[in-house]
Amino acid sequence: MNSVQEIHVLTSILFTLLCFGWTSVSGQFSYSISEEVNPGTSVGNIAKDLNLGVHELEARMFQIVNGEKKKHFEVNLKTGVLFVNDRIDREELCTKARKCTVSVEAVINAPLKLYRLEINIIDVNDNSPSFTSNSQNIEIAESTLPGTKFLVLSAYDADVGQNDISTYKLSTNDHFSLSVNKGEKVSAELILQKPLDREKQSVIRLTLTAVDGGKPVKSGTSQLIINVLDNNDNVPIFAQPLYKSSITENTPLGTSVITVTATDNDEGLNGEIFYSLSNKDQDQILNIFEIDEQTGLLTVKGNINFEEHPAFEIRIQASDRGSPPMTSQCKVLIEVTDLNDNAPEISVTTLINTVKEDTKLGTAIALVSVLDKDGGKNGVVHCNIKSKTPFKLETNYKNYYSLVVDGQLDRETDSYYNMTIIATDEGKPTLTSTKDFIIYISDVNDNAPQFSDAIFDVYLKENTPVGTVLERISAFDADIDQNAQVSFSLVESNSSMQLLSMVNVNSDTGDIINLQSFNFEELKTFQFKVQATDSGVPPLSSNVTVNIFILDENDNNPTILAPYSEHGSVNSETIPYSAEAGYFVAKIRAVDADSGYNALLSYHLSEPKGNNLFRIGTSTGEIRTKRRMSDNDLKTHSLVVLVSDNGEPSLSATVSIDVMVVESTAEVQTQFRHVPTKEDSFSDLNLYLLIAIVSVSVIFLLSLISLIAVRCHRTDSDFSRYSAPMITTHPDGSWSYSKATQQYDVCFSSDTLKSDVVVFPAPFPPVDAELISINSGDTFTRTQTLPNKDKVRP
């Protein structure tokens, strides 16, 4: 097995190629080029051979990849020509292999295709034959018969084929000729042509020349020094000139291989034979085999590896112990039987460091090559992935695979995969090897930010200082790094200009900050949307609704209504001396711009010390007498009415009233005494006014009747869409009025015609509303609570 077949074709490709789909190997192309050509020499037009336009090469990022240390070939993307990029030395790449092929791969994307290129390196005669020794000593007895052959050292030529050694030549002489043996390897033997005479010439010097068949012819020489020895008549003769045997690789040391035998017709020492391995050109043989010099048994001395030496050619010598000794040779051919002793070797070349999670199905992410040094079925390998993963192996060509995406990738579910590739051969017993590596999945921006809540309700007290953090909006992005960096902003709307002057959102933290102080009496609630956007490309975003509810603060004092004014002015009322207990004196009316508890007013009366003549309804503001008058009572009573709300802290207003006691009811004057009296007759203006009022009343009445008729004819489903108002009558005589979207309290007193109906609107949504009922005893009852204090911002 030559060294080229053992080369791993490893490839590396830029990660940008994986943005496109993968297809199987589109073809295999062969080229030929001579070694030692100048860099830049054209090998072929690869664009033309692949049916590609020259303009496509650069646009589709065509390139040559291989696993060699040197990149011997490259492509000109402007012309499409495949050219030599570096010096090519066939002997360095393939040593003595008869065929030298360099395998490279060409890759083009959009779509991604892989082409295999086999470039045959043609040998040139750039090496001369050479001998391992410049001189060889051969000892021959003068009695040696003509025709006897003597082995000489063989020369070595790094070139192959025609450029290898083709023949040997011997310098002109009278005694020897040369026999050239042309088999797998050209060798030479020296043949004695004429008897030697030691007395005439004891040393003969010849020149052996090895000649190759290249053009131009190259040669190498070695000096043969022949020493002529005194008589030893007979040469040992082997039973056969060629022996054949076989042996299994990895045979244990000391195993017998074959026995060779030779005979010598001489007697005594001249006929005593001993065996040896020739030390000429057999350095490796001497390390692996040894021979018993007495019996001729060849045994194993070293490790026998089929992958290194599928066969052995051994030269064995038989020599006698005469003087001079006579020697003869024979050949032993040993074939090595392969065993399945080499597990497959797996090489993985990842095309990129990480795989994007949106990579398309069929995209190649790595190249896998498997090598088994064994031969036959022992070298047939099957490859697969151990565990279930979203990847699979596709066969490109023999023992070369592509690892491609075979399922949907999701980095948020699996950020990496532990891959194990298993390679199994068909030998007996089966050998298996594994290769472990990790595939990391890189993030793409495929997840929009998600807010922690579906909606944010923020409760804010009015008069909150500018710059207060009302709420911190948070959002989570399942992606990582830049794709998970979230920024916040207000969503533009028709009222965005007004909104921008009210609140602001910190783009980094999500803090909502008020840009102005809010007044509950002017604005009770508003709504806007916040957008969370990541920093991916393209960016993804999501919106959330933020409701701002302004909570009332007790920042308004009660206001006294006409006809009475606040403290500091003179207000007076008169009552008759005969007034009974409960006699109506006056009614104080007040309003509060706040709402809820802050607008719930109570009335309190302050009288001079010791005076216990009057009382005031805490909720109605009606001043009445507690008892009948007595002679001890003063004629003038100065009363101070304090009107307080129920806020924290409570705010109040006061009004002063002087109540004068008169003897008769005729002298009693009320605040309504200034109402103008009717004239005895209608003027024209009054007549027109009366007609207009009657007309409007008729129209209103007809409209009301029509509306009632329409409502009466609506279906049940129509009514189900609305919440009917509900008026509740309490045992104490008070009313409560409630509706789906609002809730009111209606309070009245039945003990006088001057009683008023007071309606209190609820300031919050129904879920947080309160219902306050006021009974005739001037007390109130709460039936619901205000909003959760935890949500209230200071």
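Residues numbered from 1 in each chain as written. Predicted model: local features only at pLDDT ≥ 70, side-chain atom pairs only at ≥ 80, totals over all residues. Heavy atoms only, no water.

Visitor: I tried to follow the side chain of Asn-554 on my own but got confused; where do I start?
Guide: Along the chain, Asn-554 falls in the loop between β40 (541–551) and β41 (559–560). Within polar-contact distance, the side chain of Asn-554 engages the backbone oxygen of Pro-649 at 2.6 Å. Excluding residues within four positions of it along the chain, Asn-554 makes contact with Asp-592, Asp-594, Asn-598, Asp-645, Gly-647, Glu-648, Pro-649, Ser-650 and Leu-651. (Helix = DSSP H or I, 4+ residues; strand = E, 2+ residues; numbered from the N terminus. Polar contact = N/O pair within 3.5 Å; in protein donor to acceptor, adjacent residues only side chain to side chain. Contact = heavy atoms within 4.5 Å.)

Visitor: How do you make sense of the sheet that holds strand β23 (residues 327–337) when you look at a structure like this?
Guide: Within a sheet, each strand pairs with its neighbour through backbone hydrogen bonds, oriented either parallel or antiparallel. A sheet is described by the order of its strands in space; here four strands give the open sequence β16-β23-β22-β19, paired in mixed fashion. Each of the sheet's edge strands pairs with one partner strand only, and the pair in question is β16 (242–248) and β19 (273–277). Mean inter-strand twist for the sheet, computed between neighbouring axes without regard to direction, equals 30°. (Pairing = 2+ DSSP bridges. Axes fitted to C-alpha atoms, helices over the stretch in contact; angles between N-to-C directions.)

Visitor: What is the right way to look at the pairing of strand β11 (residues 176–182) in this model?
Guide: Note on strand geometry: in a regular strand, side chains alternate between the two faces of the sheet. The pairing of β11 with strand β12 (residues 186–192) spans seven bridges and is antiparallel. Within β12, the residue paired with Ser-179 across the bridge is Glu-189. The antiparallel pairing of β11 with β12 creates a hairpin that spans three residues between the two strands.

Visitor: What am I meant to see in a negative patch on the surface here?
Guide: Together, Asp-358, Asp-410, Asp-414 and Asp-446 make up a negatively charged patch on the protein surface. Mapping Asp-446 onto the fold places it in the loop between β31 (432–442) and β32 (450–451). (Patch = residues over 30% accessible without salt bridge, like charges linked within 9 Å, V, L, I, M, F, W, Y side chains within 5 Å. Areas by Shrake-Rupley, 256 points an atom, 1.4 Å probe, with all protein chains shown as cover. Salt bridge = Lys/Arg side-chain N within 4 Å of Asp/Glu carboxyl O. Lys, Arg positive; Asp, Glu negative; His and termini not counted. Charge placed at Lys NZ, Arg CZ, Asp CG, Glu CD.)

Visitor: Looking at this structure, how should I read the sheet that holds strand β46 (residues 614–616)?
Guide: Pairing is antiparallel across the open sheet formed by three strands, whose spatial order is β43-β47-β46. Each edge of the open sheet carries a strand with a single partner, namely β43 (584–587) and β46. Mean inter-strand twist for the sheet, computed between neighbouring axes without regard to direction, equals 20°. Both β46 and strand β47 (residues 622–625) contribute to a ladder of three bridges, which runs antiparallel. Looking across to β47, one finds that Ile-616 is bridged to Ile-623.

Visitor: Looking at this structure, I do not really get the pairing of strand β22 (residues 311–320). What am I missing?
Guide: The buried count for β22 comes to eight of ten residues, which makes it a mostly enclosed element. In the sheet, β19 pairs with β22 via five bridges, with the strands oriented antiparallel. Directly across from Phe-274, in β22, lies its bridge partner Ser-319. Here nine bridges tie β22 to β23, and the two strands are oriented antiparallel to one another. Residue pairing in the sheet places Phe-312 in a bridge with Ile-334 of β23. Connecting β22 to the antiparallel partner β23 that follows it, the hairpin turn spans six residues. (Buried < 20%, exposed > 50% of the residue type's maximum accessible area, 1.4 Å probe, protein only.)

Visitor: It is not clear to me how the nonpolar core should be interpreted in this structure. Could you clarify?
Guide: Buried together is how nonpolar side chains tend to be arranged in soluble globular proteins. Ranked by internal contacts, the top residues of the largest apolar core, which has 28 residues, are Ile-33, Ile-46, Phe-62, Phe-73 and Leu-82. Going through the elements one at a time, β1 (27–34), α1 (46–49), β4 (73–75), β5 (81–84), α3 (90–94), β6 (101–108) and β7 (113–122) are the ones with two or more residues in this core. Leave out the neighbours within four places in its chain, and Ile-33 touches Thr-41, Ser-42, Val-43, Phe-73, Val-84, Ile-88, Ile-119, Asn-120, Ile-121 and Ile-122. (Core = buried A, V, L, I, M, F, W, Y, C linked by side-chain atoms within 4.5 Å.)

Visitor: Hey, could you run me through the packing of aromatic side chains in this one?
Guide: How two aromatic rings sit relative to each other is set out by the distance from centre to centre and by the angle between their planes. Under the criterion given, the structure shown has ten aromatic pairs. Ring centres of Tyr-459 and Phe-549 lie 5.1 Å apart, and the angle between their planes is 20°; on these two criteria the pair is classed as stacked. Taken together, the positions of Tyr-459 in strand β33 (residues 455–461) and Phe-549 in strand β40 put the pair 90 residues apart, joining distant regions of the chain. Like Phe-549, Tyr-459 is buried. One aromatic cluster in this structure is built from Phe-518, Phe-526 and Phe-528. Its end group placed over the ring of Phe-520, Lys-524 keeps NZ or CZ at 4.8 Å from the ring centre. (Phe/Tyr/Trp six-rings, centres within 6.5 Å; stacked < 30°, edge-to-face > 60°. Lys NZ or Arg CZ within 6 Å of the ring centre and 35° of its normal.)

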